[in-house]
Amino acid sequence: MDVPEEIIQRVCHKDERAYEELFRLAWDQAVRTCWLILRHQHDAEEAAQDAFIKLYVHRQHLKDVRAFRNWFYRILVNTALDKVRKRKTVIDIDEIRISNQNNDILQAERRMLIDEAMRHLSYGERTAVVLVHFIGYTEAEAAEVAGWKLGKLKYRLNRARRVLAREINEEVKNGVDKEGGSVCLTYSARR
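Criteria and thresholds
Counting of residues starts from 1 at the beginning of each chain's written sequence and follows it residue by residue. The model is predicted, so local features are restricted to residues of pLDDT at least 70 and side-chain atom pairs to those at 80 or more, both for listing and for counting; the totals for chains, interfaces and linings are taken over all residues. Excluded from the side-chain calculations are hydrogens and water; all other atoms, namely the structure's heavy atoms, are used. Here a strand is any run of E in DSSP of at least two residues, a helix any run of H or I of at least four, and the numbering for each starts at the N terminus. Each residue gets one of three labels from its accessible area relative to the maximum for its type: buried under 20%, exposed over 50%, partly exposed in between, using a 1.4 Å probe on protein chains only. Each accessible area is a Shrake-Rupley estimate made with a 1.4 Å probe; only the visible protein chains count as cover when residues are assessed. In this tally Asp and Glu are treated as negative and Lys and Arg as positive; neither His nor the chain ends contributes. Think of a salt bridge as a Lys or Arg side-chain nitrogen and an Asp or Glu carboxyl oxygen that are within 4 Å of each other. Polar contacts, as counted here, are pairs of nitrogen or oxygen atoms within 3.5 Å of one another; within protein the pair requires one atom able to donate a hydrogen and one able to accept it, and residues that are adjacent in sequence qualify only if both atoms are side-chain atoms. Here, the term nonpolar core denotes a set of buried Ala, Val, Leu, Ile, Met, Phe, Trp, Tyr and Cys residues that are joined through side-chain atoms within 4.5 Å. Paired rings are identified among Phe, Tyr and Trp, the last through its six-membered ring, by centres lying within 6.5 Å, and are further divided according to the angle between planes into stacked (under 30 degrees), edge-to-face (over 60) and tilted (the rest). Ring-over charges, as used throughout, are those where CZ of Arg or NZ of Lys falls within 6 Å of the ring centre and within 35 degrees of the ring normal. Each residue after the first adds 1.5 Å to the expected span of a helix. Note on definitions: angles span 0 to 180 degrees between N-to-C directions of axes, and those axes are lines fitted to C-alpha atoms, for helices only across the stretch in contact. Here the angle decides the label: under 35 degrees means roughly parallel, over 145 means roughly antiparallel, 65 to 115 means roughly perpendicular, and every other value means oblique. Should the near helix be turned counterclockwise from the far one by less than a right angle, the crossing is left-handed, whereas a clockwise turn marks it as right-handed. It only takes one pair of heavy atoms within 4.5 Å for two residues to be counted as in contact.

Draft legend 1. Representation of the overall build of the protein. Secondary structure assignment for the protein yields eight helices and two strands. Counting from the amino terminus, helix and strand elements in the protein follow one another as α-α-α-α-β-α-α-α-α-β. In the protein, buried positions account for 43% of the 191 residues. Entry remark: accessible area of the protein is about 10700 Å², with carbon and sulfur atoms responsible for 48%.

Given below as structure tokens:
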């Protein structure tokens, strides 16, 4: 999420136009982050909207504009997980190598394969994967954003990687990837 520090500073000082600009710049990424956790578009938009309201209400509490990204992702993740708790229904993916990247249909099939495998993760595991592999946080940053100890994040990532590797490899073995090319998911436990 690339939001200029100047806008964040103005938001903290209750500048309404800066808040509108922040909303415009960060909305898509906020919804995407919530969707990756919730896997439901309407719930993701609702969670993102709730997160922006929380940001608006508590914006004066942000003292260091450089901490905004972590602060806002923490609000997003917690808001999405609150939604999970209310509804009660929710890789190292060390490496995903996809060949034939110019083939849009093949790419879409592979994204669906990964998406289907993600459904087998708990919300905690999914959150860990989203923060580290989709958002790009380090493990330490992701643990802080999620409000977990580093060991808990590493445990959830490790388990998620094993589940994803098993599910994707099972789907490939069952012929989901019939069109050629290769999907290769590797898992290696790091100690």
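On we go.
Draft legend 2. Region of interest: the side chain of Arg 126. By the element assignment, Arg 126 lies in helix α6 (residues 123–135). One buried charged side chain, Arg 126, makes no salt bridge at all; its nearest oppositely charged neighbour is Asp 115, positioned 7.3 Å away. For Arg 126, the side chain forms a polar contact with the main-chain oxygen of Ile 37, separated by 2.8 Å. At a separation of 3.3 Å, a polar atom in the side chain of Arg 126 contacts the main-chain carbonyl oxygen of Met 118.

Draft legend 3. Representation of the nonpolar core in the model. Formed by 56 residues in total, the largest nonpolar core has its most connected members in Leu 22, Cys 34, Phe 72, Leu 131 and Leu 153. For this core, the secondary structure elements donating two or more residues are α1 (5–12), α2 (16–38), α3 (41–58), α4 (68–87), α5 (104–118), α6, α7 (139–146) and α8 (150–173).

Draft legend 4. Geometry of the packing of aromatic side chains. Throughout the structure, instances matching the rule amount to eight aromatic pairs. With 6.3 Å between their ring centres and 55 degrees between their planes, Phe 68 and Trp 71 make a pair best called tilted. Highlighted residues: Phe 68 and Trp 71, both in helix α4, separated by three residues, approximately one helical turn. Connected via pairs of aromatic rings, a cluster forms that spans Phe 23, Trp 27, Phe 52, Phe 68, Trp 71 and Phe 72. The residue whose ring lies beneath Arg 59 is Tyr 56, and the NZ or CZ to ring-centre distance is 3.9 Å.

Draft legend 5. Examining α3 more closely. Over its 18 residues, α3 extends 26 Å from the first C-alpha to the last, a length consistent with the 26 Å expected when each residue adds 1.5 Å. Among the residues of α3, Asp 43, Ala 44, Ala 47, Ala 48, Ala 51, Phe 52 and Leu 55 are the ones counted as buried.

Draft legend 6. Highlighting the pattern of salt bridges. On inspection of all chains with the given rule, the structure shows 14 salt bridges. Measuring nitrogen to oxygen at the nearest pair gives 2.7 Å for the salt bridge that ties Glu 6 to Arg 10. Taken together, the residues span about one helical turn, with Glu 6 and Arg 10 both in helix α1 at a distance of four residues. On the basis of relative accessibility, which here comes to 45%, the residue Glu 6 falls in the partly exposed class. Its salt-bridge partner being Glu 125, residue Arg 159 comes within 3.0 Å of it at the nearest N-O pair. Highlighted residues: Arg 159 in helix α8 and Glu 125 in helix α6, separated in sequence by 34 residues. Among the residues examined, Arg 159 registers a relative accessible area of 31% and is labelled partly exposed. Through salt bridges with shared partners, a single ionic network connects Arg 39, Asp 115, Glu 116 and Arg 119.

Draft legend 7. Structural context of the environment of Asp 64. For Asp 64, the position within the fold is in the loop between α3 and α4. Given a relative accessible area of 31%, Asp 64 falls into the partly exposed group. Expressed as a C-alpha distance, the spacing of Asp 64 and Ile 8, which sit 56 residues apart in the sequence, is 9.5 Å. From its side chain, Asp 64 meets the backbone nitrogen of Arg 66 in a polar contact 3.1 Å long.

Draft legend 8. Molecular detail of the packing of α1 against α2. Between α1 and α2, the least distance of the axes is 8 Å, while the angle of their chain directions is 130 degrees. In terms of their interaxial angle, α1 and α2 are classed as oblique. In the crossing of α1 with α2, the sense of the turn from one axis to the other is left-handed. Across the interface between the two elements, Ile 7, Arg 10 and Val 11 of α1 pack against Arg 17, Ala 18, Tyr 19, Glu 21, Leu 22 and Leu 25 of α2.

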